[in-house]
4 protein chains.
Amino acid sequence: MHKTTLLIHCKDQPNIIALVTNFIALNHGNIIYIDQHVDREQNIFFMRLECEFNSSSFSIDKFKMLFKNALVDKFGFKWRMYAADKMPKMALFVSKYDHCLYDILGRYNSGELHLEIPFILSNHKDLKPIADSFKIPFYHVPVTKDTKHQAELKQLELLEAHNIDFIVLARYMQIISSLLIDKYPNKIINIHHSFLPAFVGAKPYHSAYKRGVKIIGATSHYITEELDAGPIIEQDVAHITHAHSIKDLITKGRDLEKIVLSNAIKLHANRKVMAFNNKTIIFY
Amino acid sequence: MHKTTLLIHCKDQPNIIALVTNFIALNHGNIIYIDQHVDREQNIFFMRLECEFNSSSFSIDKFKMLFKNALVDKFGFKWRMYAADKMPKMALFVSKYDHCLYDILGRYNSGELHLEIPFILSNHKDLKPIADSFKIPFYHVPVTKDTKHQAELKQLELLEAHNIDFIVLARYMQIISSLLIDKYPNKIINIHHSFLPAFVGAKPYHSAYKRGVKIIGATSHYITEELDAGPIIEQDVAHITHAHSIKDLITKGRDLEKIVLSNAIKLHANRKVMAFNNKTIIFY
Amino acid sequence: MHKTTLLIHCKDQPNIIALVTNFIALNHGNIIYIDQHVDREQNIFFMRLECEFNSSSFSIDKFKMLFKNALVDKFGFKWRMYAADKMPKMALFVSKYDHCLYDILGRYNSGELHLEIPFILSNHKDLKPIADSFKIPFYHVPVTKDTKHQAELKQLELLEAHNIDFIVLARYMQIISSLLIDKYPNKIINIHHSFLPAFVGAKPYHSAYKRGVKIIGATSHYITEELDAGPIIEQDVAHITHAHSIKDLITKGRDLEKIVLSNAIKLHANRKVMAFNNKTIIFY
Amino acid sequence: MHKTTLLIHCKDQPNIIALVTNFIALNHGNIIYIDQHVDREQNIFFMRLECEFNSSSFSIDKFKMLFKNALVDKFGFKWRMYAADKMPKMALFVSKYDHCLYDILGRYNSGELHLEIPFILSNHKDLKPIADSFKIPFYHVPVTKDTKHQAELKQLELLEAHNIDFIVLARYMQIISSLLIDKYPNKIINIHHSFLPAFVGAKPYHSAYKRGVKIIGATSHYITEELDAGPIIEQDVAHITHAHSIKDLITKGRDLEKIVLSNAIKLHANRKVMAFNNKTIIFY
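Rules used throughout
- Residues numbered from 1 in each chain as written.
- Chains lettered and ligands numbered in written order.
- Predicted model: local features only at pLDDT ≥ 70, side-chain atom pairs only at ≥ 80, totals over all residues.
- Heavy atoms only, no water.
- Helix = DSSP H or I, 4+ residues; strand = E, 2+ residues; numbered from the N terminus.
- Rg over C-alpha atoms; globule rule 2.2 N^0.38 Å.
- Buried < 20%, exposed > 50% of the residue type's maximum accessible area, 1.4 Å probe, protein only.
- Contact = heavy atoms within 4.5 Å.
- Areas by Shrake-Rupley, 256 points an atom, 1.4 Å probe, with all protein chains shown as cover.
- Lys, Arg positive; Asp, Glu negative; His and termini not counted.
- Charge placed at Lys NZ, Arg CZ, Asp CG, Glu CD.
- Buried area = accessible area lost by both parts, 1.4 Å probe.
- Salt bridge = Lys/Arg side-chain N within 4 Å of Asp/Glu carboxyl O.
- Polar contact = N/O pair within 3.5 Å; in protein donor to acceptor, adjacent residues only side chain to side chain.
- Nonpolar A, V, L, I, M, F, W, Y, C, P; charged D, E, K, R; others polar.
- Pairing = 2+ DSSP bridges.
- Axes fitted to C-alpha atoms, helices over the stretch in contact; angles between N-to-C directions.

A count of helices and strands for chain A gives eight helices and 13 strands. The globule rule puts the C-alpha radius of gyration for 284 residues at 19 Å, and the 21 Å found for chain A is close to it. Projecting the C-alpha coordinates of chain A onto the three principal axes gives extents of approximately 60 × 40 × 35 Å. Taken over 284 residues, chain A has a buried fraction of 58%. Of the contacts made within chain A by residues no fewer than 6 positions apart, 67% connect residues no fewer than 24 positions apart. With the model as given, the accessible surface of chain A reaches about 12000 Å², and the carbon-plus-sulfur share is 52%. Separation between the mean location of the 35 positive side-chain charges and that of the 29 negative ones in chain A comes to 1 Å.

Turning to the interface of chain C and chain A, a few remarks are in order. Across the boundary between the two partners, chain C contributes 36 residues, which contact 36 residues of chain A. For the pair chain C and chain A, the summed buried area comes to about 2800 Å², and 58% of that belongs to carbon and sulfur atoms. When residues of chain C are sorted by the area they lose upon contact with chain A, Arg211(C), Lys214(C) and His242(C) head the list and together hold 26% of the total. The interface formed by chain C and chain A includes zero salt bridges. Connecting chain C to chain A are 18 residue pairs in polar contact (both at pLDDT 80 or more). Mapped by element, the contributors of at least two residues to the side of chain C that touches chain A are β2 (29–39), α7 (204–211), β11 (232–239) and β13 (279–282) of chain C. If one sorts the elements of the side of chain C that touches chain A by residue count, β11(C) sits on top with seven residues. Broken down by class, the residue content of the side of chain C that touches chain A amounts to 18 nonpolar, nine polar and nine charged.

Moving on: the sheet that holds strand β10 (residues 215–222) of chain B. Residue and element names in this part refer to chain B. Overall, mixed pairing links the seven strands, which are arranged β7-β6-β5-β8-β9-β10-β11 in an open sheet. Each edge of the sheet is formed by a strand with only one pairing partner; in this case those strands are β7 (138–140) and β11 (232–239). Along the sheet, successive strands turn relative to each other by an average axial angle of 20°, direction set aside. Two elements, strand β5 (residues 89–94) and strand β6 (residues 116–122), share five bridges in a ladder whose sense is parallel. Its bridge partner lying in β6, leucine 92 is registered against isoleucine 120. In this fold helix α3 (residues 99–109) packs onto β5, β6 and β8 (166–169), with an angle of close to 165° to the strand it touches most, β6.

See the structure below:
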């Protein structure tokens, strides 16, 4: 049994669903999941589809070719097709905070995540013992003002050597430059510790405390050139009161950060996210 | 433009999506929404689909006939098809509590609900002034132990005279007998003031207080023969503390009841709910 | 039985709780609720206390005098004392949206709110029938660019004539000027339809849609000179997806607005809110 | 600076707050936190208080004696007093699931928990490597039908040898007998994977799936003789849909279990929980 995931977007036009589902039926596939969305403002059609092929002679490369020839050019599809059993490779960037790292590795260990982690990278050595205890290679790539460009070249080299599909910044405390962003567009997931767009930038819990909000939040988003302004994947919030100190907010916020980031990772790794025009379409 | 909603369930089998979407394309319809679910335990396929027909000569009755002849018998579909602009008719049953009634009528007035309310019915006269202020006919059908059967015959007569599609029990404090349930299967929506299956039956807030739970809830479900055991449509909860008295629970619970019931009404009226085997599939 | 509510704040200093509780005991009162908070950054102590006096000869005015002489000046208390059974008078300002109005009046009718509503005021006539159906006086005070100052003088006159204690802006679509703000400091409650400080100002649902957030919110706060920047009383949020249109956000948001505003009203009317330094301390 | 936490409950009677706060003032303590609750049905008064003593000669044992002599017997107090800096000792019981264990140890490592973990105990060896990586002693105490009593004697011996204050069952898959419950009344914290009282006993996610609920939950409670019927400390829920399989519920539920259990541990370790009459009073 070959399970395939297909993501398409294109200008909205009649009968796309019939065309695609029919094409799959003609090629002896069976659709087991379909979801679609039309952005009426931009007039764009989005679709996510999972199908199964029973034939032992099925080849995803051949099927991709057939699909391309039959439909892609004719209808102007932007598309991606994945063999569902092929797990994406995720690089984990961390600094000194360990709560997101523990959370991700605990889930990884228990088989909850459909992905591989070829390596963990940090600008500090502090979290190496955790990587060791989970038996995952750890690279220490220090970053200083003067060595930032060289550090990024080193990062790129590692990412390419390990065929990394996407990067997760699990409270990695360095600004990512366009060098990486351009190579991994909508493939670098960050966790920001506020309900964006409130409290962009540094020390959001301090700002939340000062403003006297009654809820705090966390936001996972794809990194773009503009700080904390990329497409939002997942958000969640928690209620607080006047009695919570900044330290309490930081502690409470850690739980939000871990769960929001892990949910975003799962959505991305399961190919459920489409980013378009600085927003995300998420097919749950 | 004719917008049509189609709900199907049947034994799971290959290519149903392709067959149906193709049939619609051949009949010059354009699909604007599709969602599906497979119950792997029971091996049942469920689908909800919305499509538009541009032709001025389109007739839903003719289309139903074509659909039936082409697919229904061949593939064993259980199905319903609606003209989307035809609003269902809802009867509102109430007793003395007014919070759900105000909430529903406020939404009705503001155009939020895709339905008509031909009448409000009550076993008491207390809420008549509210019905009057919203200019909705109000029928007082008293129920006593001795007159229960006659009252239900009267209810049935009113329901049939007004071509009612579904009934909402907005804190109606009488047990509904099989006379009505059999005529309106999965078409009588109740609001129960607990997170079912906890605290079935009378006085759930008292039971919640006694047990010392830290959350209370409300559940909207279709009425079946067994008390509070029908298919669940919507649930929500609120956090409480030891400091909340039973009276506080009742007050806090009212907000849950209103919102959970109104959400269930919207889902049902928009034909987004399929009930099967005492559970619901809900296509949001 | 005379029930009294006491709110105090002052520079933090030792033994305030003992001093106040002892004073009450000596005056034959029994404390039935006490809560306190220390703002460690500003070094300010806050306390809320409820006590009961059994004596038939108890006079709150006399007790206030005794309290003032014994403690207030000596320890620099800022304080307020209320007879708990004396309900505050609330003026309701509305424009054309009716959802918050229905919600508040529904609760008022059912006895859920510990307050009186001497009148409803609007710059439009649309909602007069609702005021009528609840038998509450309705004043139409139109506001144009040229008549704004005169309109506000008229508003002030009505507020004073009815001995209004606090004002609720239930989606009142006019900026309140300093004329009213200065007369009712931390006594004008607004509902803003976003999770502040995100999306300050007009059309927050449109901004939320454009930014692609996954949660929307509502915030109730006291009006200050700076737009949407006053002390926050209550906030809540709801999850949304890419599939929600701006119209969906507006509909979903209405439920947040109603509940957040009604909760803020209850907290204020029950004298549970202390505003200090543009934040609130709320004793639940 | 000596910080002390005091918990009292007794028959409700006038002036207790004044008596206690005055006693502390006379002994040169300064109250920094006070909260109280009256159970009107049972007529019981509960209070939690934190105070600070500056004197270098302060002795908590001496203060306890003074308190006892002055107030305890006279007013029938049930009471506990703690030096706030003395951390309670917690034993962790686990079986094969690791998600709660990772969550607790991650928090422990980061300094979030005000407690010591002298040992982890399990009826299986599977989780020993995790205990090792966090450098916490691990005892393997197998339990079979025939050796259950002996295993419990062994457990008791370890608990007593390490001066354990309370026990946490972090998905420990054995019924605890009265031997332990009687020695540690309201001191054994369990996590049950449903919103109790719904779905008592084994396989609650399977039951939740079967009933078709739209929310699942987790409940942390003190163990009593009756299964899953002890005083509830903390509960939380998550929304689900028809599309979630039992496996999905189990995965989603793990996040609830971890957070609910860790919150309950923090409340207990910070002496914020009072259990009375099979319910809890929690002073946040």
